Amino acid sequence: MNHPLLVSAFVILLVLVIINEAKSSAQGVTAREAIRLLNKDEAIVLDIRDRKDFAAGHITGSVHIPMTNLDKRIDELKKHESKTIIVVCKMGNTAAAAVAKLNKAGYAQAVKLKGGMMQWQTEALPLVKK
């Protein structure tokens with residue numbers, strides 16, 4: 001307690017980080033929820049990882065548009081505009097930015113996969129390798 005200002009600043013930052021994480025995870029779905037959406041609601045998966053990671057293994061039926069090309073190729077998703085779009089990245093962090101871009105472009109039902117492909121693989125869910 002020699003530095004009350006420093007401790008106060010740390011506590012405030014910690015609270016802000018927790019609030020930010022709660023907001024970003026609120027718009028995501030778990031791997032099991034994603035499977036339900038794929039099977040029942042005919043959702044689609046948008047994989048935004050680079051080509052090498054995508055080729056190493058991806059979810060069946062995924063649309064591959066790398067994050068670096070999303071702005072240029074977003075119109076390729078027009079035919080899926082009414083469906084839920086599950087955005088997948090490596091660990092779930094980059095997907096939030098892609099979801100924000102999709103929402104801004106009018107894709108209201110875009111959600112991220114919590115934990116990304118790392119979580120999908122941890123749960124031993126099937127992958128396609130090509």
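What you are looking at is a predicted structure, and each value in this text was computed from that prediction instead of being measured. Here the residue index of a chain counts from 1 through its sequence in written order. With the structure being a predicted model, the display of local features is reserved for residues of pLDDT at least 70 and the display and counting of side-chain atom pairs for 80 or more, all residues being used for whole-chain, interface and lining totals. Side-chain calculation: all heavy atoms of the structure are included, whereas hydrogens and water are not.

Trainee: Let's hear about unusual backbone geometry: which residues, and what values?
Mentor: What is expected of a backbone is that most residues other than glycine have negative phi and most peptide bonds are trans. With a phi angle near 55°, E42 is a residue other than glycine that sits in the positive phi range. Secondary structure elements are taken from DSSP: a helix is a run of H or I of four residues or more, a strand is a run of E of two residues or more, and numbering for both begins at the N terminus. Mapped onto the secondary structure, E42 falls in the loop between α2 (31-40) and β2 (44-47). Of the residues examined, E42 reaches a relative accessible area of 53% and is grouped as exposed. Although it is not a glycine, A124 sits at a positive phi angle of roughly 55°. Looking at the element boundaries, A124 is found in the segment after α6 (116-122). Accessibility here uses a 1.4 Å probe with only protein chains present; expressed as a share of the type maximum, an area under 20% marks a residue as buried, one over 50% as exposed, and anything in between as partly exposed.

Trainee: If you had to explain the pairing of strand β4 (residues 85-88) to someone new, which residues and values would you point to?
Mentor: Of the two faces of β4, the one lined by I85 and V87 and the one lined by I86 and V88 are each fully buried. Here β2 runs beside β4; their pairing, made up of four bridges, is parallel. The residue bridging L46 from the neighbouring strand is V87, located in β4. For β4 and strand β5 (residues 110-113), the ladder comprises three bridges, and the chain directions are parallel. Residue pairing in the sheet places I86 in a bridge with V111 of β5. When the strands point away from the viewer, a crossover counts as right-handed if the route from the first strand across the helix to the second turns clockwise. A crossover links β4 with its parallel partner β5, the connecting element being helix α5 (residues 94-104), and its sense is right-handed. At least two bridges found by DSSP between two strands are what make those strands a pair.

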